[in-house]
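Analysis of the macromolecular model
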There are 2 protein chains.
Amino acid sequence: MYDQLLNIIQDADRISRNGTILEQHSKGMTYHAPQKPELVVYPESKEEVSQVLTYANERNIPVTPFGVGSSLEGHIIPAKGGITLNFSLMNKVVEVRQDDFLVKVQPGITRSQLNKELKKYGLFFPVDPGADATIGGMVSTNASGTNSVKYGTMKDQVLGLEVVLADGRIMKTGGMAVKSSAGYNLTSLLIGSEGTLGIFTEITLRLRGIPEVTVAARALFSSIDDAGTAAAAMLKSGLDLGKIELVDQATIRAVNAHKNTDYQEVPTLFIEMSGSEPTVKNDMELAQEIALGEGCQLFEFESDSLARAKLWEARHHVAFAIQAANPGKGLLSTDVCVPISELPNAIKETRKLIELHGVEAAIFGHVGDGNYHAVLSIDENNPEQVKKIEEINQRIVSYALAKGGTCTGEHGIGLGKKQFLRLEHGEGVELMEEIKLTFDPKGILNPGKIF
Amino acid sequence: MYDQLLNIIQDADRISRNGTILEQHSKGMTYHAPQKPELVVYPESKEEVSQVLTYANERNIPVTPFGVGSSLEGHIIPAKGGITLNFSLMNKVVEVRQDDFLVKVQPGITRSQLNKELKKYGLFFPVDPGADATIGGMVSTNASGTNSVKYGTMKDQVLGLEVVLADGRIMKTGGMAVKSSAGYNLTSLLIGSEGTLGIFTEITLRLRGIPEVTVAARALFSSIDDAGTAAAAMLKSGLDLGKIELVDQATIRAVNAHKNTDYQEVPTLFIEMSGSEPTVKNDMELAQEIALGEGCQLFEFESDSLARAKLWEARHHVAFAIQAANPGKGLLSTDVCVPISELPNAIKETRKLIELHGVEAAIFGHVGDGNYHAVLSIDENNPEQVKKIEEINQRIVSYALAKGGTCTGEHGIGLGKKQFLRLEHGEGVELMEEIKLTFDPKGILNPGKIF
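Residues numbered from 1 in each chain as written. Chains lettered and ligands numbered in written order. Predicted model: local features only at pLDDT ≥ 70, side-chain atom pairs only at ≥ 80, totals over all residues. Heavy atoms only, no water.

The line we're drawing: UniProt positions are given in the numbering used here, feature names are shortened, and annotations may be inferred rather than shown by experiment.
Under an unreviewed UniProt entry, the name given to chain A is D-lactate dehydrogenase (cytochrome), and the organism recorded is Mesobacillus maritimus. Quoted verbatim from the Cofactor (unreviewed entry) field of the UniProt record, the comment on chain A reads "FAD". UniProt, in its Sequence similarities (unreviewed entry) section for chain A, records the words "Belongs to the FAD-binding oxidoreductase/transferase type 4 family."

Looking at the overall build of chain A
Put simply, the test is: Per the convention used, a helix needs a DSSP run of H or I reaching at least four residues, while a strand needs a run of E reaching at least two, with both numbered from the N terminus. What the globule rule says is 2.2 Å times the number of residues to the power 0.38, and the radius of gyration is computed from C-alpha atoms. Relative accessible area decides the class of each residue, using a 1.4 Å probe on protein chains only: under 20% of the type maximum gives buried, over 50% gives exposed, and in between gives partly exposed. When checking whether two residues touch, look at their non-hydrogen atoms; a contact exists if any pair is within 4.5 Å.
Within chain A, the regular secondary structure consists of 16 helices and 18 strands. On C-alpha atoms alone, chain A measures out to a radius of gyration of 22 Å, which is about the 22 Å that the 2.2 N^0.38 rule sets for 451 residues. Considering only C-alpha atoms, chain A reaches an extent of 65 × 55 × 45 Å along its principal axes. Taking all 451 residues of chain A together, 63% fall into the buried category. Considering only contacts within chain A whose residues lie at least 6 apart along the sequence, 71% involve residues at least 24 apart.

Quick notes on the domain arrangement of chain A
All names here are of chain A. For clarity, the cut-off: Domain segmentation is taken from an automatic or database assignment of domains. Take the accessible area each of two parts loses on contact, using a 1.4 Å probe, and add the two losses: that sum is the buried area. Put simply, a salt bridge is a Lys or Arg side-chain nitrogen that is within 4 Å of an Asp or Glu carboxyl oxygen. Contacts described as polar in this section are N or O atom pairs within 3.5 Å, which, within protein, must combine one atom able to donate a hydrogen with one able to accept it, while residues neighboring in sequence count only if both atoms come from side chains.
What the domain assignment lists for chain A is domain 1 (2-88), domain 2 (93-209), domain 3 (213-310) and domain 4 (319-436). If you average the C-alpha positions of domain 1 and of domain 2, the two centres end up 22 Å apart. Summing both partners gives a buried area of about 1300 Å² for domain 1 against domain 2, and 72% of it is carried by carbon and sulfur. Here domain 1 is connected to domain 2 by one salt bridge. The shortest N-O distance in the salt bridge between E162 and K46 comes to 3.7 Å. Summed over the shared surface of domain 1 and domain 2, the number is two residue pairs in polar contact (both at pLDDT 80 or more). The dominant element in the side of domain 1 that touches domain 2, judged by the number of residues it contributes, is helix α3 (residues 46-58), at six residues.

Quick word on the sheet that holds strand β16 (residues 330-333) of chain B
Residues and elements named next belong to chain B. Quick reminder of the rule: In short, DSSP must find at least two bridges between two strands for them to pair. Only the contacting stretch of a helix is used when fitting its axis, a line to C-alpha atoms as for every element, and angles between N-to-C directions run 0 to 180 degrees.
Read across the sheet, seven strands follow the order β15-β12-β14-β13-β17-β18-β16 without closing on themselves; strand pairing throughout is antiparallel. Two strands close off the open sheet at either side, each with one partner strand: β15 (298-302) and β16. On average, adjacent strands in this sheet sit at an angle of 20 degrees to one another, irrespective of strand direction.

Thoughts on unusual backbone geometry
All names here are of chain B. Of note, N142 is a non-glycine position whose phi angle comes to about 50 degrees, a positive value. Structurally, N142 is set in the loop between α5 (135-140) and α6 (148-151). Despite not being glycine, E194 shows a phi value in the positive range, around 55 degrees. As for its placement among the helices and strands, E194 is situated in the loop between α7 (186-190) and β10 (199-206).

Some remarks on the pattern of salt bridges
Under the criterion given, the structure shown has 63 salt bridges over all chains. Where K46 of chain A meets E47 of chain A, a salt bridge forms, and the shortest distance between an N and an O atom there is 3.8 Å. Look at K46 of chain A and you get partly exposed, because its relative accessible area is 28%. The salt bridge involving R97 of chain B is made with D100 of chain B; its shortest N-O contact spans 2.8 Å. Because the salt bridges share partners, they merge into one network encompassing E342 of chain A together with E95, R97, D100 and K104 of chain B.

Quick look at the interface of chain B and chain A
Between chain B and chain A, the residue contacts involve 78 residues of the former and 78 residues of the latter. Applying the counting criterion to the chain B and chain A interface returns 10 salt bridges. Taken together, the links from chain B to chain A amount to 41 residue pairs in polar contact (both at pLDDT 80 or more). At the level of secondary structure, the elements contributing two or more residues to the side of chain B that touches chain A comprise β9 (170-174), α7, α8 (224-236), α10 (277-293), α15 (418-425) and α16 (428-439) of chain B. Considering every element that reaches the side of chain B that touches chain A, the biggest residue donor is α16 of chain B, with nine residues.

A few points about the relation of the copies chain B and chain A
Relating the two copies of this chain is a rotation about some axis coupled with a shift parallel to it. This is how the line gets drawn: Here the copies are superposed with least squares, the fitted atoms being C-alpha atoms of residues at a pLDDT of at least 70 in both.
You can overlay chain B on chain A at an RMSD of 0.0 Å; the transform is a turn of 180 degrees with a shift of 0.0 Å along its axis. The transformation relating the two chain copies, once decomposed into turn and shift, fits a two-fold axis. The rotation axis passes nearest to the C-alpha of T279 of chain B in chain B, at a distance of 2.4 Å. Comparing interface residues between copies, 100% of those in chain B also sit at the interface in chain A, which points to an isologous, same-surface contact.

A few points about helix α15 (residues 418-425) of chain A
Where we set the bar: The arc under discussion is defined with respect to the helix axis, by the directions toward the C-beta atoms.
The complete set of buried residues in α15 of chain A reads F420, L421, E424 and H425 of chain A. The arc enclosing the buried residues of α15 of chain A, seen along the axis, measures out at 110 degrees, which places them on a common side. Looking at the buried side of α15 of chain A, the elements it contacts are α14 (383-402) and α16 (428-439) of chain A together with β9 of chain B. In the segment just after α15 of chain A, G426 of chain A is the residue with positive phi, at about 45 degrees.

Considerations on the packing of aromatic side chains
The line we're drawing: Classification of ring pairs rests on two measures: the distance between centres of Phe, Tyr or Trp rings, Trp counted by its six-membered ring, which must be within 6.5 Å, and the angle between planes, read as stacked under 30 degrees, edge-to-face over 60 and tilted in between. Our definition puts a charge over a ring when NZ of Lys or CZ of Arg is within 6 Å of the ring centre and also within 35 degrees of the ring normal.
This structure, assessed with the given rule, holds eight aromatic pairs over all chains. Ring centres of F124 of chain B and Y151 of chain B lie 5.6 Å apart, and the angle between their planes is 85 degrees; this geometry places the pair in the edge-to-face category. Highlighted residues: F124 of chain B in strand β7 (residues 123-124) and Y151 of chain B in helix α6, separated in sequence by 27 residues. Classification of Y151 of chain B as buried rests on a relative accessible area of 14%. Considering the side-chain rings of F299 of chain B and F301 of chain B, the 5.4 Å spacing of their centres and the 70 degrees angle between planes classify their relative orientation as edge-to-face. Its relative accessible area of 37% is what places F301 of chain B among the partly exposed residues. A cation over a ring is seen here: R17 of chain A above Y2 of chain A, with NZ or CZ 3.7 Å from the ring centre.

Observations concerning the sheet that holds strand β2 (residues 39-41) of chain B
All names here are of chain B. The four strands lie next to each other as β1-β2-β4-β3, forming an open sheet whose pairing is mixed. Taken across any chain shown, the strands that pair with only one partner, and hence form the sheet edges, are β1 (15-16) and β3 (63-66). Pairing of β2 with strand β4 (residues 83-86), which is carried by three bridges, proceeds in the parallel orientation. Looking at β4, one finds that V40 is bridged to T84.

Brief notes about the side chain of T201 of chain A
All names here are of chain A. Structurally, T201 is set in strand β10 (residues 199-206). A relative accessible area of 2% means that T201 is categorised as buried. Within the structure, T201 has its side chain in polar contact with the side chain of E162 (distance 2.7 Å). When residues no more than four places from it in sequence are discounted, the contact partners of T201 are K46, V49, M90, Q106, P107, E162, V163 and V164.

A few points about the side chain of T261 of chain B
Residues and elements named next belong to chain B. Along the chain, T261 turns up in the loop between α9 (249-259) and β14 (268-275). In this structure the side chain of T261 is engaged in a polar contact, spanning 2.7 Å, whose partner is the side chain of N256. Not counting chain neighbours up to four residues away, the residues in contact with T261 comprise V255, N256 and K310.

Examining the environment of T153 of chain A
The residue T153 of chain A is located in the loop between α6 (148-151) and β8 (158-164) in this model. Looking at T153 of chain A, the relative accessible area reads 6%, which means it is buried. Along the primary structure T153 of chain A and G409 of chain A are separated by 256 residues, whereas in three dimensions their C-alpha atoms are 9.8 Å apart. Filtering out sequence-adjacent residues up to four positions away, T153 of chain A remains in contact with V127, N142, A143, S144 and S148 of chain A together with K179 of chain B. At 3.2 Å, the side chain of T153 of chain A forms a polar contact with the side chain of N142 of chain A.

Topic: the environment of V359 of chain B
Residues and elements named next belong to chain B. Tracing the chain through its elements places V359 in the loop between α13 (343-356) and β17 (361-366). Its relative accessible area of 17% is what places V359 among the buried residues. In this structure the C-alpha to C-alpha distance between V359 and K388, which are 29 residues apart in sequence, comes to 9.4 Å.

Quick look at the UniProt feature "domain: FAD-binding PCMH-type" (unreviewed entry) in chain A
Those residues carrying the UniProt feature "domain: FAD-binding PCMH-type" (unreviewed entry) are residues 32-210 of chain A in this numbering. Helix makes up 20% of residues 32-210 of chain A and strand 25%, and the two end C-alpha atoms of the span are 38 Å apart.

Description of the state of the cysteines
Cut-off, in case you're wondering: In what follows, a disulfide is any cysteine sulfur pair within 2.5 Å.
For the structure shown, the criterion picks out zero disulfides over all chains. C337 of chain A carries a free sulfur, and the closest cysteine sulfur to it, the one in C407 of chain A, is 11 Å from it.

Structural notes on helix α4 (residues 111-118) of chain A
Residue and element names in this part refer to chain A. Buried residues of α4: R111, L114 and L118, and no others. Buried positions in α4, seen along its axis, are confined to an arc of 60 degrees and lie on one side of it. Tucked into the core, α4 has its buried residues touching β5 (93-97), β6 (102-105), β7 (123-124), α5 (135-140), β10 and α11 (305-316).

Right, dumping it as structure tokens:
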């Protein structure tokens, strides 16, 4: 296999069988059992990806795409060995169309690299998952983050894809128009397909203008209920909320310990708004008024950009805080999403469940979406603990599905949620399997994931 | 067939072979050649839809869904005869979940009926195509309208579907969560599938709070160029634009004639903003400043709700204005969408092309999307004229595709744009055809559309 791939790639530096490299490509950020690929290829062009897939498809060799390995559901674990395609060399901005608010990128660019390059155009890309993931990975899982209450998820940003199919055909979907009704929406079908339908080689994204001003605030409450009620009232008032995140008491404690911050350890809403100055000023005042009316004990602004960055960094690093507090252990992050009015109760039930089982967890939620995470530390070598934590996960998912929610708001199915997909979508899973067979008859693309 | 369907429906009032009824179901609003169904069934439940489809699928009988017949691409023309399913009796609001900003509806409800029912909850559904279409029809074509610059298209509003597959199976996709990464996005695949993959029986939609205030304005320019430059500057400034529509001179003339209005006959931007009062006031002032800086000759506010309604009615009735000016003739509406910076040039080229051919047309564009329409009167009994107008359409589409755009921004492919789909998506059309075969192996669902 090595020699045949070398014949395609023509550069020994871009094919690796090195043990450390294989190890690095054997797992993401979570507790799922690692598995090494047989070798790692670093393609530089769509033609190379196409040739590798043509070769792999002829010989039934599994192919797993890899960005930076920040997956939370084992997506990049080559469950059946084979070839891992590492996209770190395909990380260019292909074209910025400033007046169209568009950018074309290669899949290996990370969101922070992209935003650094966009800054000089006065533009930015809004989707912000916790990790500095690659855009390709973010498309694969339909990622979102704290900005999605204002800007939506990946599926709202991707206008077009260049994709290599399992048999090596190179195809384009979508285009540069903001909207289209031309035939079936293959772009949306590929977004969130977790590398199982095709491999992305170019992605066309919508961009936004960098807002004139951005103001953040923290609103402290004595209970999750009050915080939830206040958040719901803000959403209903039609305020143009940029971010609205609910973090529970135990989670603030973990963040303080990890980041050396001294946030008061009570249920807290982290809020952000952006736009023109008078608009933001007016809307923030209204948000404060609403919060105080719902039992908020303290409403503090952070208009200074450093303090704001620290605040959101603290929020983004919650998973690392749990990891740091439990060295050497793995992580499991739940990812259910419920109808928005159900969120405060769902969070309270989750905290109860976690306390009942005597484990430690951070809980934080995207209040504008109904999506929340319980991040649990897990000793993957202790089968009893793994079982206990998987049971907690199962209970959280069952609760969410009973409320009309989903088992995953933004992380994807991967290895870890396959049993939940069928609970959630029943008959629909058969149609998904038929679509998979249409795109990838031999099942070489990221096998073992989703189904 | 009649007797067997009567056996399913058990109500002779809900099956019709009446000539006038068949005639009413033979065409939409456009010039496409009419074709009658063999009979029309008015289902009242998903079970009835399922039984009709099971029966039709066993016997290879085509089934065409019908809302109010406002399609602009012949979607509801039963091109191969068979059964038309008229959804006018399945027009209920099933459930309003006020605190979740959700509603579940049956497909036959129209957008104005829905908004009437939502008003008492302080909520509204934002997608507003020109016609008072049914929600089912709007899902089928991924409709949008003037509000989409702020709220997005149908694909951004539909959270879940209940759908009857060709073989009669009843399936659910999506759910009540605002976002999900659980498996392939079947909801998005079905949105815009024009009745060819399944028949919707229930639709879960996102709703928005009715804004505190809404203000409209007209900005008059001496050229399309100036109007386009001003619109681009407003979009770039990050203003929260609710609507921004560009209407050319000849179109204003047609509207004046039809609606008895006295709008000055120059290229005009119709603008609307909504939100809290100080925000809207501030943003409108900024918009005015931008417009005046780009050569705007007059910027006039319409905060009075009657004047505003009249203004938007005028805009929504442009197609009828053309129809009224050409009694007895058919309509063709182009629907290309280009990258937004290309819109002013595309509109100018289109006007030139139309003048060159000596025909009459209204041209108006959703500037925030890059989507614009040329509405042409067409004598469907005059083959030479049909040929000429189809040629104009072809030139407009070629221009848009060359700029990276799409042949249809919101109307769909239907009968009229099948040849353009292949030009636009090439290889992708084969995958679409394979998906069609997976969902509907016998090809009974709305045959002759899209492919």
